[in-house]
Amino acid sequence: MSETDPHIHVEQKVMQAGAAYRNLIASTLGAVPDAPSVVTTGCGLQVPYAMTSSRPESVTCLACREHAHQEHLRFAEQVERLSRWPGAPVTGDEAAKAAQWARDLAQRFSG
């Protein structure tokens, strides 16, 4: 962990980061997971959790921005692929909306 790193990063597990994911876990399990004090980032560094963000406009580490961009695109492809399977838990319209949300976020990370 570098004490002199001024950048804001993203967590390595981008799709499992941030308040929305923690709220999902809390509503599903009825327990709130603690935020970690140190996390591994998309660029491979270990930094204090406070030096990360899931908001593209806040992330200043270029390697982390690229990592988040790729992870959101990968998620969009997975959602679309899984929605085509027989018995999929989401409809094609729901999957299309989720994929578009992920692509929009990916675009914000690339910009």
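Our subject is the structure listed above.
So, here is what we can say about the structure in this document. Sequence order sets the numbering: in each chain, residues are counted from 1 along the sequence as written. Thresholds applied to this predicted model are a pLDDT of at least 70 for local features of residues and 80 or more for the giving and counting of side-chain atom pairs; totals over whole chains, interfaces and linings are not thresholded and use all residues. Side-chain figures throughout are based on the complete set of non-hydrogen atoms in the structure, without hydrogens or water.

### Notes on the overall build of the chain
- Looking only at helices and strands, the chain features three helices and two strands.
- Under the DSSP-based scheme used, a helix requires at least four consecutive residues in state H or I and a strand at least two consecutive residues in state E, with every element numbered from the N terminus. Overall, the chain shows an N-to-C arrangement of helices and strands of α-β-β-α-α.
- The 111 residues of the chain split such that 28% are buried.
- Long-range pairs, those at least 24 residues apart, make up 66% of the contacts in the chain with a sequence separation of at least 6.
- Summed over all atoms, the accessible surface of the chain reaches about 7,100 Å², with 55% contributed by carbon and sulfur. Only protein chains enter the calculation, and the probe is 1.4 Å; a residue is then buried if its accessible area is under 20% of its type maximum, exposed if over 50%, and partly exposed in between. Contacts are residue-level and defined by heavy atoms, with any inter-residue pair within 4.5 Å sufficient. The Shrake-Rupley method, run with a 1.4 Å probe sphere, supplies the accessible areas, and residue values consider only the shown protein chains as cover.

### Description of the packing of aromatic side chains
- Stacked, tilted and edge-to-face are the three classes assigned to paired rings of Phe, Tyr and Trp, where Trp is represented by its six-membered ring and a pair needs centres within 6.5 Å; plane angles under 30 degrees give stacked, over 60 edge-to-face, the rest tilted. On inspection of all chains with the given rule, the structure shows one aromatic pair.
- Here the aromatic rings of F75 and W101 are separated by 6.4 Å at their centres, their planes lie at 85°, and the arrangement is edge-to-face. Here F75, found in helix α2 (residues 62-83), pairs with W101, found in helix α3 (residues 92-110); they are 26 residues apart in sequence, far enough to count as distant.
- Given a relative accessible area of 25%, F75 falls into the partly exposed group.

### Regarding the nonpolar core
- Counting eight residues, the largest nonpolar core consists of V10, V14, V59, C61, C64, A68, L105 and F109.
- Within the residue set of this core, elements represented by two or more residues are α2 and α3.
- Residue contacts for L105: discarding those within four places in its chain leaves P56 and H72. Here the nonpolar core consists of buried residues drawn from Ala, Val, Leu, Ile, Met, Phe, Trp, Tyr and Cys, with membership extended through side-chain atoms lying within 4.5 Å.

### Considerations on the side chain of T41
- Structurally, the position occupied by T41 is in the loop between β1 (38-40) and β2 (46-48).
- For T41, a relative accessible area of 0% translates into the label buried.
- When sequence neighbours within four positions are dropped, the list of residues in contact with T41 reads H9, V10, E11, Q12, V47 and C64.

### A few points about the pattern of salt bridges
- Any carboxyl oxygen of Asp or Glu within 4 Å of a side-chain nitrogen of Lys or Arg constitutes a salt bridge here. Under the definition given, this model contains four salt bridges.
- Between E80 and R103 there is a salt bridge whose closest N-O contact spans 2.9 Å. Here E80, found in helix α2, pairs with R103, found in helix α3; they are 23 residues apart in sequence, far enough to count as distant.
- Exposure remark for R103: the relative accessible area of 29% places this residue in the partly exposed category.

None of this, on its own, says anything about what the molecule does.
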